[in-house]
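Chains, contacts and geometry: an overview
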Protein chains: 2
Amino acid sequence: MNAQGKLTVIGTGPGSPEQMTPEALRAAAEADELMGYGPYVDRLPVLPHQKRVAFDNREELERARIALDRAAAGARVCMVSGGDPGVFAMAAAVCEAIEHGPAEWRTLDIAVMPGVTAMLAVAARAGAPLGHDFCAMSLSDNLKPWEVVEARLAAAAGAGFVIALYNPISKARPWQLGRAFELLAGILPAGTPVIFGRAAGRPDERIATVPLTEARGEMADMATCVIIGSPATRVVDRPGQPPLVYSPRFAEAAT
Amino acid sequence: MNAQGKLTVIGTGPGSPEQMTPEALRAAAEADELMGYGPYVDRLPVLPHQKRVAFDNREELERARIALDRAAAGARVCMVSGGDPGVFAMAAAVCEAIEHGPAEWRTLDIAVMPGVTAMLAVAARAGAPLGHDFCAMSLSDNLKPWEVVEARLAAAAGAGFVIALYNPISKARPWQLGRAFELLAGILPAGTPVIFGRAAGRPDERIATVPLTEARGEMADMATCVIIGSPATRVVDRPGQPPLVYSPRFAEAAT
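Residues numbered from 1 in each chain as written. Chains lettered and ligands numbered in written order. Predicted model: local features only at pLDDT ≥ 70, side-chain atom pairs only at ≥ 80, totals over all residues. Heavy atoms only, no water.

For the rest of this paragraph, the subject is the environment of Gln-50 of chain A. Residues and elements named next belong to chain A. Here Gln-50 is to be found in the loop between α2 (38-41) and β3 (51-55). In contact with Gln-50, other than residues within four places in its own chain, are Ala-28, Ala-29, Ala-31, Asp-32, Leu-34 and Pro-45. From its side chain, Gln-50 meets the backbone oxygen of Ala-28 in a polar contact 2.6 Å long. A polar side-chain atom of Gln-50 sits 2.9 Å from the main-chain carbonyl oxygen of Ala-31. (Helix = DSSP H or I, 4+ residues; strand = E, 2+ residues; numbered from the N terminus. Contact = heavy atoms within 4.5 Å. Polar contact = N/O pair within 3.5 Å; in protein donor to acceptor, adjacent residues only side chain to side chain.)

This is the structure in structure tokens:
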């Protein structure tokens, strides 16, 4: 191992400092350099001795290479992701950069610290929609063909998995979420609950649950995680409070 | 809402206090009564004013009903899960109890606080195996027929999802994990990495990665989360350090 340099990849959780682990906070405090997508780095205090390097939200691989270069030069670098760094975030980009980078990078001290990923924070606000078998997918077709996305949605829904969608929509990908709802409406019951969870745990949080047939792409934005129930998912209405949405722990043979 | 009683369902994370959120810790500190499976409750300090109620790991629904009864009687109850309370844990049992319980329970103040679930902690130690589309399944056939488990394994593996298995094995369920590996070996490449992640983040942590054809049920115990790669998952060998296992962010059309 390189005697000095180190790269730690952390997740800040969904956004509230109350949902970030002490481990991740400490890793950030011990770093010489904090790097990451600007809004995520902004969630952390920058200490007097620290250098702050903010990127835009593209070019994940280049961001990983820059961080590895700095660690190889002896810096203690903290790469900051939102949520959990291993779920559609920077940890995979760092591993990919190491695999295809100089041999020296394989000798670096690399650590990944888990965090609360968006679907868990949204699920907690709604009840327990992920209480039974579920899957997590990125709906972005920037890095995979759209036909792969459709095949996975169909396989997951058909097999009885609850589906959590990351990256549901963006300016460059305006129609994909609506198309996903259309496809799923051909497989799942009309009343299947769909949860739109925006900015869970932050001041601008917004959680809404609608039946699948009423779900529309424009109900989500880039900060939304969408959870689509399975045929077994239940909605428990409550007087004066939002419903509890949950997926029972048991399953019948017919799912 | 009931003016006094409250039920908060929290997750302690995988076990290390460093991986528990401040939010969950505060919720526990503010409760009158701490309830849950004994080893999880043991992760928390019991304050002088608090009552501690430890259960064994069965009868989740009965545990939920007792907690709701106490909240309805005016107590501030904290139900303690390991990991994230919404992933194969107590939040779904609480929702189920409310759905089928007295109407009064629907007026209670219920809050679920997310946590770091086991697969995220294991994935972080291994690299980024959950960096692409993945699913999470309980391998227990206590609450669902085994044929449903097999159908979901086949659907997930065939569609290119990485698979995280909770509850992989127990004294009463000794053969299921081995059977799952056999089934998956008929679908996935022989070299597909399988990660056995035991007690991630705790002093007795043990992380091991083997090719699918060498994976055996007896490599897991009740404290293990098993992650099975997709055909795209990569193993990056490193001199003098465990390999990095990651699932690339992109997918080809042929998955």
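Back to the text.
The subject of this paragraph is the packing of aromatic side chains. With the rule as written, the count across this model stands at 10 aromatic pairs over all chains. Considering the side-chain rings of Tyr-37 of chain A and Tyr-40 of chain A, the 5.1 Å spacing of their centres and the 80° angle between planes classify their relative orientation as edge-to-face. Residue classification places Tyr-37 of chain A among the partly exposed positions, given a relative accessible area of 23%. The exposure class assigned to Tyr-40 of chain A is partly exposed, which follows from its relative accessible area of 27%. Ring centres of Phe-88 of chain B and Tyr-166 of chain B lie 5.1 Å apart, and the angle between their planes is 55°; on these two criteria the pair is classed as tilted. (Phe/Tyr/Trp six-rings, centres within 6.5 Å; stacked < 30°, edge-to-face > 60°. Buried < 20%, exposed > 50% of the residue type's maximum accessible area, 1.4 Å probe, protein only.)

Turning to the relation of the copies chain A and chain B, a few remarks are in order. Mapping chain A onto chain B calls for a rotation angle of 180° and an axial translation of 0.0 Å; the resulting RMSD is 0.0 Å. Accordingly, the operation relating the two chain copies is best matched by a two-fold axis. It is Cys-135 of chain A whose C-alpha, among those of chain A, lies nearest the rotation axis, at 1.9 Å. In this assembly, 100% of the residues forming the interface of chain A have copies in chain B that are likewise at the interface, indicating an isologous arrangement. (Least-squares fit on C-alpha atoms with pLDDT ≥ 70 in both.)

Let us look at the nonpolar core. Generally speaking, soluble globular proteins have nonpolar side chains that are buried together. Residues Leu-153 of chain A together with Leu-153 of chain B are the most contacted members of the largest nonpolar core, which totals 54 residues. Ignoring sequence-local partners within four residues, the contact set of Leu-153 of chain B consists of Met-137, Leu-139, Ile-163, Leu-165, Ala-180, Leu-183 and Leu-184 of chain B. (Core = buried A, V, L, I, M, F, W, Y, C linked by side-chain atoms within 4.5 Å.)

Here helix α6 (residues 146-158) of chain A contains 13 residues, and its C-alpha end-to-end distance of 18 Å stays within 8% of the 18 Å for a straight helix at 1.5 Å per residue. Here α6 of chain A has its buried residues at Trp-146, Val-148, Val-149, Glu-150, Arg-152, Leu-153, Ala-156 and Ala-157 of chain A. Looking at the buried side of α6 of chain A, the elements it contacts are β7 (134-138), β8 (162-166) and α7 (176-185) of chain A together with α6 (146-159) of chain B. At the C-terminal side of α6 of chain A, Gly-160 of chain A shows a positive phi close to 95°. (Expected span 1.5 Å × (residues − 1).)

Once that is clear, we can look at the sheet that holds strand β4 (residues 76-81) of chain B. Residue and element names in this part refer to chain B. Spatial ordering of the open sheet is given by β3-β2-β4-β1-β5, a layout of 5 strands whose pairing is parallel. Sheet topology places β3 (51-55) and β5 (109-112) at the edges, where each strand pairs with a single neighbour. This sheet shows a mean twist of 15° between the axes of neighbouring strands, independent of strand direction. Pairing of strand β2 (residues 33-37) with β3, which is carried by 5 bridges, proceeds in the parallel orientation. The residue bridging Glu-33 from the neighbouring strand is Lys-51, located in β3. (Pairing = 2+ DSSP bridges. Axes fitted to C-alpha atoms, helices over the stretch in contact; angles between N-to-C directions.)

Time to look at the pattern of salt bridges. Under the criterion given, the structure shown has 34 salt bridges over all chains. Close ionic contact of Arg-26 of chain A with Glu-18 of chain B constitutes a salt bridge, the shortest N to O distance being 3.0 Å. Placement of the pair is Arg-26 of chain A in helix α1 (residues 22-29) and Glu-18 of chain B in the loop between β1 (6-11) and α1 (22-29), with the two residues belonging to separate chains. Relative accessible area serves as the criterion here: at 29%, Glu-18 of chain B is assigned to the partly exposed category. (Salt bridge = Lys/Arg side-chain N within 4 Å of Asp/Glu carboxyl O.)

Quick look at the pairing of β1 of chain B now. Residue and element names in this part refer to chain B. With 5 of 6 residues buried, β1 lies mostly within the body of the structure. Across 6 bridges, β1 lies against β4 in parallel orientation. Within β4, the position partnered with Thr-8 by the bridge is Cys-78.

Take the environment of Gly-101 of chain A next. Looking at the secondary structure, you find Gly-101 of chain A in the loop between α4 (90-100) and β5 (109-112). Along the chain, Gly-101 of chain A and Asp-69 of chain A lie 32 residues apart, while their C-alpha atoms are 9.9 Å from each other.

The subject of this paragraph is the domain arrangement of chain A. Residues and elements named next belong to chain A. When its domains are assigned, chain A resolves into domain 1 (6-112) and domain 2 (118-246). Across the boundary between the two partners, domain 1 contributes 8 residues, which contact 10 residues of domain 2. Summed over both sides, the interface between domain 1 and domain 2 buries roughly 650 Å², with carbon and sulfur atoms accounting for 63% of that surface. Counting across the domain 1 and domain 2 interface gives 0 salt bridges. At the junction of domain 1 with domain 2, the criterion picks out 1 residue pair in polar contact (both at pLDDT 80 or more). For the side of domain 1 that touches domain 2, the residue count by class is 3 nonpolar, 4 polar and 1 charged. (Domains from an automatic or database assignment. Buried area = accessible area lost by both parts, 1.4 Å probe. Nonpolar A, V, L, I, M, F, W, Y, C, P; charged D, E, K, R; others polar.)

This brings us to the interface of chain A and chain B. Counting residues at the interface gives 74 residues for chain A, matched by 75 residues for chain B. Across the chain A/chain B interface, buried area totals approximately 6400 Å², and carbon plus sulfur atoms make up 59% of it. A per-residue breakdown of the area chain A buries against chain B is headed by Glu-18, Arg-152 and Arg-249 of chain A, which together make up 12% of the total. Where chain A meets chain B, there are 12 salt bridges. The salt bridge involving Asp-133 of chain B is made with Lys-144 of chain A; its shortest N-O contact spans 2.5 Å. Counting every contact that joins chain A to chain B gives 35 residue pairs in polar contact (both at pLDDT 80 or more). Top contributing element to the side of chain A that touches chain B by residue count: α4 of chain A, with 8 residues. Taken together, the residues of the side of chain A that touches chain B sort by class into 42 nonpolar, 15 polar and 17 charged. Across 3 bridges, the pairing between β7 of chain A and strand β7 (residues 134-138) of chain B is antiparallel. In the strand pairing of β7 of chain B, Ala-136 of chain A is matched with Phe-134 of chain B.

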